[in-house]
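# Fold and geometry: a report
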Amino acid sequence: MADVFIVGIGIHPFGRTDRLSGLQQGAFAIREALKDAGLEWADMQFGFGGSDSSGNADTMINEMGLTGIPIINVRNGCATGGSSLIGAWQGIASGQFDLGVAFGFDKHPRGAFNAMPSEYSLPDWYGEAGMMVTTQFFAMKLQRYMAHHGISHETLGRVAQKAFDNGVHAPHAWRRSPVDLDTILNSQMISDPLTKYMFCSPAEGGVALILASAKKARELGRADIRIKAAVTRTRPPGSFEVFSPSLSIERGGAPTLLASAAAFEMAGIGPEDIDVAQLQDTESGAEIMHMAENGFCKDGEQEEWLAEGWSRIDGKLPINTDGGCLACGEPIGASGLRQVYENAVQLRGAGGGRQAPGTPRTAYTHVYGAPGISGVTILER
């Protein structure tokens, strides 16, 4: 596979924008990415785009222009953005195209995500028991993990505190005010052990990335941020994931374990080589569990990591430098691409107050969603 570079990045701020549809926020992000790359919409040879609840991505041509461009619609849960990137990456790495755009957008109503059981081949009783409300599932899975590995409630709070501290410095973040640990720990309990400030919120926003072949990237003077790996994996037997109707006696792996291993193998590096990481943090417990599943620590070591500040901006592995989903919110179609956008900012050294120290050379993103799918990308400068 030929080298593929990210030559342009664009984002519409996450949160609530009543005057714009999700599709329009996606178009804004594309225009920003084109401007960043010094290109025009007419230069795009193809696109992969996705949204969970804001329309088909191919209708973006109504906003951007009727150039005849082929656009593939992607809908893959929280991995929609990452899957769009993989499609665009493959289109260029195969040699078929030189320039393309990966984009994602969404606009969700307020309140928790609450999918229909039938959409996931589940019986009605699963929804009637309340398990289609994702806050319930995440809390139950986390309780089990905390009991097995000695994770404290204070550690959950430290994850959220770090997220809000980082979000202060991210112009695209929704929540841009710090929240102290005591307020986080003693705020309204939503699903035990997770309080109000430990959950992300469904949100709005759009992200776009312009991808180019090595030849085209050199012509643009942007042959600096290379996609070293981009993979997705679904759940194996014995895993316990979102919308799982049961917990197997014979436990297996997890989609994140598979995706992470495949990405590191593709990139030819290991977890110890990563300089900055963005991990799915739908809630505080998710970041904690995903730290181990992605190979950055062992189960239970998160207690020390958070207490010592090792995952903060100035720590040994900055995690979720823009505040992640907790500070930015989660528009499903855009969320995975936001992580890649943030890593591109970090590798450019343009993070300002949230910039990882030194000169980051490698950056890792991980997204996880229903019904048990994970996507991982690795960028290298």
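Residues numbered from 1 in each chain as written. Predicted model: local features only at pLDDT ≥ 70, side-chain atom pairs only at ≥ 80, totals over all residues. Heavy atoms only, no water.

## So, the packing of helix α3 (residues 80-93) against helix α13 (residues 332-348)
Contact geometry for α3 and α13: axes closest at 5 Å, N-to-C directions at 65°. Counting all contacts with α3, which are made through Thr 80, Gly 81, Gly 82 and Leu 85, the residues of α13 involved are Ile 332, Gly 333, Gly 336, Leu 337 and Val 340. When its residues are assigned to classes, the contact of α3 with α13 shows four nonpolar, five polar and no charged. (Axes fitted to C-alpha atoms, helices over the stretch in contact; angles between N-to-C directions. Helix = DSSP H or I, 4+ residues; strand = E, 2+ residues; numbered from the N terminus. Contact = heavy atoms within 4.5 Å. Nonpolar A, V, L, I, M, F, W, Y, C, P; charged D, E, K, R; others polar.)

## Considering helix α9 (residues 255-267)
The terminal C-alpha atoms of α9, which comprises 13 residues, lie 18 Å apart, in line with the 18 Å expected from a rise of 1.5 Å per residue. At its buried positions, α9 is contacted by β8 (226-234), α10 (284-293), β10 (362-369) and β11 (373-380). A positive phi of about 75° marks Gly 268, the residue just after α9. (Expected span 1.5 Å × (residues − 1).)

## Considering the pairing of β10
Within β10, eight of the eight residues are buried, leaving the element largely enclosed by the surrounding structure. Burial of the side chains of β10 extends over both faces: Thr 362, Tyr 364, His 366 and Tyr 368 are buried on one face and Ala 363, Thr 365, Val 367 and Gly 369 on the other. Looking at chain direction, strand β9 (residues 276-278) and β10 are connected through three bridges and run parallel. In the sheet register, Gln 278 faces β10, and the bridge partner there is Thr 365. Examined bridge by bridge, β10 and β11 share eight bridges and lie antiparallel to one another. Along β11, the bridge assignment pairs Ala 363 with Leu 379. Taking the residues that link successive antiparallel strands as the turn, the β10-β11 hairpin has three residues, and the phi of Gly 372 there is positive, at about 115°. (Buried < 20%, exposed > 50% of the residue type's maximum accessible area, 1.4 Å probe, protein only. Pairing = 2+ DSSP bridges.)

## Notes on the pattern of salt bridges
Scanning the entire structure with this criterion turns up 15 salt bridges. One salt bridge in this structure joins Asp 36 and Arg 348, with 2.8 Å as the shortest N-O distance. Of this pair, Asp 36 sits in helix α1 (residues 22-37) while Arg 348 sits in helix α13; the two residues are 312 residues apart in sequence, bridging distant segments of the chain. Connected through shared salt-bridge partners, Arg 16, Lys 107 and Glu 204 make up one network. (Salt bridge = Lys/Arg side-chain N within 4 Å of Asp/Glu carboxyl O.)

## Some points on the pairing of strand β2 (residues 47-50)
Residues Gly 47 and Gly 49 line one face of β2 and the alternating positions Phe 48 and Gly 50 line the opposite face, and both faces are buried. Bridge count for β2 against strand β3 (residues 71-74) is four bridges, and the pairing is parallel. Opposite Gly 47, over in β3, you have Ile 71 as the bridge partner. Judged from the four bridges that link them, β2 and strand β4 (residues 99-107) form a sheet pairing that is parallel. If you follow Phe 48 over to β4, its bridge partner there is Ala 102.

## Section: the side chain of Gln 25
Position of Gln 25 among the secondary structure elements: in helix α1. Of note is the side chain of Gln 25, whose polar atom sits 3.1 Å from the backbone nitrogen of Gly 205. Contact partners of Gln 25, with chain neighbours within four places excluded, come to His 12, Pro 13, Thr 17, Leu 20, Lys 107, Glu 204, Gly 205 and Gly 206. (Polar contact = N/O pair within 3.5 Å; in protein donor to acceptor, adjacent residues only side chain to side chain.)

## Section: the UniProt feature "domain: Thiolase C-terminal" (unreviewed entry) in the chain
When the UniProt feature table is mapped onto this chain numbering, "domain: Thiolase C-terminal" (unreviewed entry) sits at residues 259-377. Span residues 259-377 is 40% helix and 13% strand, its end C-alpha atoms 9 Å apart. (UniProt positions renumbered as here; feature names shortened; annotations may be inferred.)

## Notes on the environment of Thr 195
With respect to the helices and strands, Thr 195 occurs in strand β6 (residues 194-195). Excluding anything up to four places from it in sequence, Thr 195 contacts His 153, Ile 184, Leu 185, Ser 187, Gln 188, Met 189 and Ile 190. Separated by 2.7 Å, the side chain of Thr 195 and the backbone oxygen of Ile 184 make a polar contact.

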